[in-house]
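What follows is the residue order along each chain.
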Amino acid sequence: MNTDKFLPRATDTWLWRLATMSDVDCIVRLAEQFYQPEIESILTPTPALLAFNLRRGILNQQFELSREQLIVACDRESLEIVAWAWCQRGIYMPYAPEEVAEAAFAHVRLDMSTRERVRITAQIIQQWILWCHMWHIPVLVSSSIRQEQTAFMRLHEQFGFSTAGSLAFKRITQELT
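The sections below set out a description of the structure shown in this document. (Residues numbered from 1 in each chain as written. Predicted model: local features only at pLDDT ≥ 70, side-chain atom pairs only at ≥ 80, totals over all residues. Heavy atoms only, no water.)

**A few points about the overall build of the protein chain**
Note the cut-off: Put simply, DSSP marks the helices as runs of H or I at least four residues long and the strands as runs of E at least two long, and each gets a number from the N terminus on. Atoms counted for the radius of gyration: C-alpha only. Globule rule: 2.2 Å times residue count to the power 0.38. Think of it in three bands: residues with accessible area under 20% of the maximum for their type are buried, residues over 50% are exposed, and the middle band is partly exposed, with areas taken using a 1.4 Å probe on protein chains only. Any two residues whose heavy atoms approach within 4.5 Å are treated as being in contact.
Helices and strands together make up the secondary structure of the protein chain, namely five helices and seven strands. Listing each helix as α and each strand as β along the protein chain from the N terminus yields β-α-α-α-β-β-β-α-β-α-β-β. A compact globule built from 177 residues should have a C-alpha radius of gyration of about 16 Å, and the protein chain, at 16 Å, falls within 12% of that. A principal-axis box enclosing the C-alpha atoms of the protein chain has dimensions of 40 × 35 × 35 Å. The proportion of buried residues among the 177 residues of the protein chain is 43%. Long-range pairs, those at least 24 residues apart, make up 64% of the contacts in the protein chain with a sequence separation of at least 6.

Dropping the structure here:
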């Protein structure tokens, strides 16, 4: 399937950029509002801990772009954060020598239209793949703990990921270089 149709374009109502320290409170609020209720029965949401880890990730990104990718999509008019994503490298499986990048978060405002949510999520996946290409990270892994994850996993499949349940993985080739 041609995934180029998801590339950012001038008609998108949002713009992508790297996250900054001033975004942390907005990211935490978005996570609390739209995603926290889904995990409360399993995990203990701790907004202060999320904020701490976001700040650490943003600081890592500011000093070494190849370590972490923390991005936000902001509404073109209001500049409000409508989505954010976080991908980290440096994971190694006990049974394989390849480095793995882990896509830790892909949060999109759930009050946006389905079409917009799919488009933003596809752009997140594209940016994760490009980031892995740029930094020569051989494997990208993404997962979901959401109750409804079918569309998320199908979107990964469109980008060439292999999926098993709530896990998606892709071997990143260097064909773009």
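Okay, back to it.
**Remarks on the pattern of salt bridges**
We apply this condition: Salt bridges are identified by distance alone: a Lys or Arg side-chain nitrogen within 4 Å of an Asp or Glu carboxyl oxygen.
All chains considered together, the criterion is met by eight salt bridges. Here R17 ties to D23 by a salt bridge, and the two come within 2.7 Å at their closest N and O atoms. Classification of D23 by relative accessible area gives buried; the value is 5%. R89 is the partner of E99 in a salt bridge, and the nearest nitrogen-oxygen pair spans 2.8 Å. Separated by 10 residues along the polypeptide, E99 in strand β4 (residues 99-108) and R89 in strand β3 (residues 81-92) bring together distant segments of the chain.

**Describing the packing of helix α1 (residues 24-34) against helix α3 (residues 47-63)**
Packed helix pairs are characterised by how far apart their axes lie and by the angle those axes make with each other. Worth spelling out the cut-off: Axes here mean lines fitted to C-alpha atoms, for a helix over just the part in contact, with angles spanning 0 to 180 degrees between N-to-C directions. What sets the label is the angle itself: under 35 degrees gives roughly parallel, over 145 gives roughly antiparallel, 65 to 115 gives roughly perpendicular, and the rest give oblique. The crossing is said to be left-handed when, going from far helix to near helix, the turn is anticlockwise and less than a right angle, and right-handed when the turn is clockwise. Gly is placed with the polar residues, together with every amino acid not listed as nonpolar (Ala, Val, Leu, Ile, Met, Phe, Trp, Tyr, Cys and Pro) or charged (Asp, Glu, Lys and Arg).
Remark: α1 packs on α3, axes separated minimally by 10 Å, with the N-to-C direction vectors making an angle of 135°. Of the possible angle classes, the one that applies to α1 and α3 is oblique. With respect to the hand of their crossing, α1 and α3 are arranged in right-handed fashion. The residues of α3 that touch α1, namely those facing V24, D25, I27, V28, A31 and E32, are P47, L50, A51, L54, R55 and I58. Of the residues contributing to the contact of α1 with α3, the split by class is nine nonpolar, no polar and three charged.

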